[in-house]
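# Breakdown of the fold
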Amino acid sequence: MTEQHVEWSEPDAVAAPANAPVTPADAADAARLVAFGLQPKLQPARDQEYAELLRRYREDPAFARLADAVAAGLGLVVLEVSPRAGMAVTAAEDSVFAVRMGDYARRTSADSADRFLHGLAHLAVAAMAFPRPEDLADDGYIGRVSVNGVDAFVRQACRRLEERAEEQGENTDPATEAPGLEAAWRIWARRSSTGATKDARRLSGSTTGIIGKAVAFLTDSGFLQRTGDDSGGTYRTTARYQLQVRDMAGSAAMAELLELGVVPVTDGAPTLLPAEHTDDLELVADAGLPFHS
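Let me begin by describing the structure that accompanies this report. (Residues numbered from 1 in each chain as written. Predicted model: local features only at pLDDT ≥ 70, side-chain atom pairs only at ≥ 80, totals over all residues. Heavy atoms only, no water.)

Counting secondary structure elements, the protein contains 11 helices and 7 strands. The burial tally for the protein puts 45% of its 293 residues in the buried class. Here the analysis covers contacts within the protein between residues at least 6 apart in sequence; of these, 64% occur between residues at least 24 apart. (Helix = DSSP H or I, 4+ residues; strand = E, 2+ residues; numbered from the N terminus. Buried < 20%, exposed > 50% of the residue type's maximum accessible area, 1.4 Å probe, protein only. Contact = heavy atoms within 4.5 Å.)

What follows is the structure, encoded as structure tokens:
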């Protein structure tokens with residue numbers, strides 16, 4: 001399909017009467033809009049048909065309800081329908097489109113310990129991309145992350161967790177399969193950052209290798225855009241990723257990571273601030289964005 005830029009305007013009137021009967025063509029158009037929404041890299045401003053269906057969704061309440069029903073029937077949750085994000089959808093836990101952490105980890109040949117590290121990598125990317133509530137709430141905010149920056153961020157979090165465990169007199173070497181950030185730092189801290197081969201390639205099981213797979217997946221999913229090769233690879237967030245993280249921001253795992261006081265800045269490099277005294281939060285096992293456990 002030929003790409004072309006589309007001008008957006010506010011709707012002037014409802015396109016069709018509210019009591020107009022739904023036709024097979026309407027159902028096909030609604031399903032087509034949902035199908036566009038499942039193509040995360042497709043930009044509405046560069047596809048005329050997509051833009052027209054989005055405008056119809058905004059102008060025609062009956063069509064909007066029909067499209068929402070099609071999405072719900074496929075186990076999809078509509079996060080936003082707008083020119084900036086298109087029809088942004090996420091899969092409900094029982095949807096055929098749901099990506100599960102276990103399935104993702106198996107595709108990366110990860111063992112049980114590595115599955116947790118892959119989840120932690122996704123969690124850290126989200127926390128670095130949107131470290132403050134106001135960043136997540138601002139539609140114009142663009143987060144920036146780098147592979148090496150995320151690794152440094154997690155390793156600083158590991159040091160903070162180790163210090164907290166020592167201060168509280170906790171056992172600093174429990175079973176590695178124990179859930180929670182308190183166990184994850186031990187696994188991450190022991191893993192080589194690069195594990196580079198003789199030709200300087202990073203090993204897939206190294207922590208930067210794990211992060212590299214995470215950001216590659218997020219890029220393929222339309223959540224990140226690669227911006228350069230510095231620091232192991234640099235990336236910027238998309239509107240869809242912001243919506244995805246908003247949807248998951250209430251998770252205890254993300255809250256606990258942010259509460260550690262390891263606050264990233266927008267160039268993808270982490271900085272460490274003094275931690276405030278906060279109550280410990282329980283971590284959901286296998287927590288990882290944008291996966292279902």
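Inspection of the sheet shows strand E4 (residues 224-228) paired to strand E5 (residues 234-237) by 4 bridges, in the antiparallel sense. Residue pairing in the sheet places Leu224 in a bridge with Thr237 of E5. Here E4 hands over to E5 after 5 residues, with Ser231 in that stretch at a positive phi of 55 degrees. (Pairing = 2+ DSSP bridges.)

Another aspect to go through is the pairing of strand E1 (residues 76-82). Strand direction decides the pairing type here: E1 and strand E2 (residues 86-91), joined by 6 bridges, are antiparallel. Bridge pairing in E2 links Glu80 to Ala88. Here E1 folds back onto E2 in antiparallel fashion, the turn holding 3 residues.

Here we come to the packing of helix H7 (residues 147-167) against helix H9 (residues 207-220). For any two helices packed against each other, one specifies the inter-axial angle together with the distance between the axes. The contact between H7 and H9 brings their axes to 9 Å, and the two run at 120 degrees. By the angle class used here, H7 and H9 are oblique. Crossing hand, H7 versus H9: right-handed. Contact residues: Val147, Asn148, Val150, Asp151 and Arg155 in H7; Thr207, Thr208, Ile211, Gly212 and Val215 in H9. When its residues are assigned to classes, the contact of H7 with H9 shows 4 nonpolar, 4 polar and 2 charged. (Axes fitted to C-alpha atoms, helices over the stretch in contact; angles between N-to-C directions. Parallel < 35°, antiparallel > 145°, perpendicular 65-115°, else oblique. Left-handed = near helix turned anticlockwise from the far one by under 90°. Nonpolar A, V, L, I, M, F, W, Y, C, P; charged D, E, K, R; others polar.)

To continue, consider the nonpolar core. Counting residues in hydrophobic clusters, the biggest one holds 34 residues, and the most contacted among them are Val125, Val150, Trp188 and Tyr241. With 10 residues, the top contributor of residues to this core is helix H5 (residues 112-129). (Core = buried A, V, L, I, M, F, W, Y, C linked by side-chain atoms within 4.5 Å.)

Moving on to the sheet that holds E4. Either a parallel or an antiparallel arrangement is found when strands of a sheet pair, and the pairing is made through backbone hydrogen bonds. In space, the 3 strands of this open sheet follow the order E3-E5-E4, with antiparallel pairing throughout. Of all the strands in the sheet, the pair left with one neighbour each is strand E3 (144-146) and E4. Direction aside, neighbouring strands of the sheet carry axes that sit 35 degrees apart on average.

Moving on, we come to the packing of aromatic side chains. Under the definition given, this model contains 4 aromatic pairs. When the ring of Phe130 is compared with that of Tyr141, the centres are 5.9 Å apart and the planes differ by 50 degrees; the resulting orientation is tilted. With a gap of 11 residues between them, Phe130 in the loop between H5 and helix H6 (133-137) and Tyr141 in the loop between H6 and E3 connect regions that are remote in the sequence. Judged by its relative accessible area of 1%, Phe130 falls in the buried class. On the numbers, 6.1 Å between centres and 45 degrees between planes, the contact of Phe130 with Tyr241 is tilted. You can see Phe130 sitting in the loop between H5 and H6 and its partner Tyr241 sitting in helix H10 (residues 239-248), a full 111 residues away along the chain. Overall, Tyr241 belongs to the buried group, its relative accessible area being 0%. Site record: aromatic cluster; members linked through ring pairs are Phe130, Tyr141, Phe223 and Tyr241. Arg56 extends its terminal NZ or CZ atom over the ring of Phe63, reaching a point 4.1 Å from the ring centre. (Phe/Tyr/Trp six-rings, centres within 6.5 Å; stacked < 30°, edge-to-face > 60°. Lys NZ or Arg CZ within 6 Å of the ring centre and 35° of its normal.)

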